[in-house]
Amino acid sequence: MTAPLTIAIDGPAASGKGTISRRVAAHYGLRHLDTGLLYRGVAALVRERGVDAQDAEAVGAIAAGMNEAVLARSDLRDGGIGNIASVVASHPPVRAALLQWQRDFAQGGAVLDGRDIGTVVLPDASAKLFVTADADVRAARRWRELSKTEDISYRRVLDDIEERDRRDSGRSTAPMSHAADADLLDTSEMTIEDAVTEALRLIESRLG
Ligand code: DC
């Protein structure tokens, strides 16, 4: 029996990993899970229930009780939620509660994108990418998106991205990091079409 095809795509906010992951999943006919949505779901419940985002135990209990319906909420992409998500994601009980959920999703084959997919969630993935781009390029992309619906300055978006990068890569449990066997894809000077083409080329050469 051949192992199911699993593809791990990690990287920082607004690197292009979300779009690349959706397109890679469509190319191979695989399901796709944006794992950031799980942490954003926990963050939305934390905010709604007035729980202290720094309280690892209370937030861990929310993560353990969360169901899939939360992922359909329309507020998960709000500017403020990303930062709370980054704080709640630093708590080991939260990561433990969400780990099996992600692995179950990958059974039978899938594309997962996040921060620790290649290192922790699917260390044996068939192919791994670490997608990145310069912080100012990522901030400009994110600002263009957010400013369609929110009154927010570019500077604020850049500060937010830099703060999240620091927190996501500096935490002690499952920090964002480039798995040793992941291919690096820097999208700073690429159009999204170029980035998707390059992602598929790298994955194909891994799958051999
Ligand atoms: O990918 P995103 O920006 O939607 O993720 C929101 C936050 O969730 C991010 O700042 C860190 C956290 N996250 C994580 O710690 N691990 C993942 N696999 C995915 C997201």
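Shown above is the structure to which this text applies.
Residues numbered from 1 in each chain as written. Predicted model: local features only at pLDDT ≥ 70, side-chain atom pairs only at ≥ 80, totals over all residues. Heavy atoms only, no water.

(A) Structural detail: the nonpolar core. In terms of nonpolar packing, the biggest core is built from 35 residues, with L38, V42, V46, M66, L98 and L112 touching the most fellow members. No other element matches the 8 residues that helix α2 (residues 36-49) contributes to this core. Setting aside chain neighbours within four positions, we find L112 in contact with I7, A8, I9, L33, T35, Q102, F105, A106, I117, V121 and L122. Counting 17 residues, the second largest nonpolar core, distinct from the first, contains I20, A195, L202 and I203. (Core = buried A, V, L, I, M, F, W, Y, C linked by side-chain atoms within 4.5 Å. Buried < 20%, exposed > 50% of the residue type's maximum accessible area, 1.4 Å probe, protein only. Helix = DSSP H or I, 4+ residues; strand = E, 2+ residues; numbered from the N terminus. Contact = heavy atoms within 4.5 Å.)

(B) Region of the structure containing helix α7 (residues 135-146). In this model α7 runs 16 Å from its N-terminal to its C-terminal C-alpha over 12 residues, within 8% of the 16 Å that 1.5 Å per residue would give. Along α7, the residues classified as buried are R138, A139 and L146. Along the axis of α7, the buried positions cluster into a sector of 100°, meaning they face one direction only. Next to the buried residues of α7 lie α4 (79-88) and α8 (154-170). (Expected span 1.5 Å × (residues − 1). Arc of directions from axis to C-beta.)

(C) Geometry of the side chain of D34. Counting through the fold element by element, D34 comes out in strand β2 (residues 31-34). A residue is classified by how much of its surface remains accessible, and D34, at 16% relative accessible area, is buried. Of note is the side chain of D34, whose polar atom sits 3.0 Å from the backbone nitrogen of G36. Apart from residues no more than four positions distant in its own chain, D34 is found in contact with R77 and D113. (Polar contact = N/O pair within 3.5 Å; in protein donor to acceptor, adjacent residues only side chain to side chain.)

(D) A look at the sheet that holds β2. Ordered by their spatial adjacency, 5 strands build an open sheet running β2-β3-β1-β4-β5, and the pairing between neighbours is parallel. The open sheet terminates on both sides in strands that have one partner only, identified here as β2 and β5 (183-186). On average, each strand axis in the sheet is inclined to that of its neighbour by 20°, with strand direction left out of account. Note that strand β1 (residues 6-10) and strand β4 (residues 127-132) share 4 bridges and pair parallel. (Pairing = 2+ DSSP bridges. Axes fitted to C-alpha atoms, helices over the stretch in contact; angles between N-to-C directions.)

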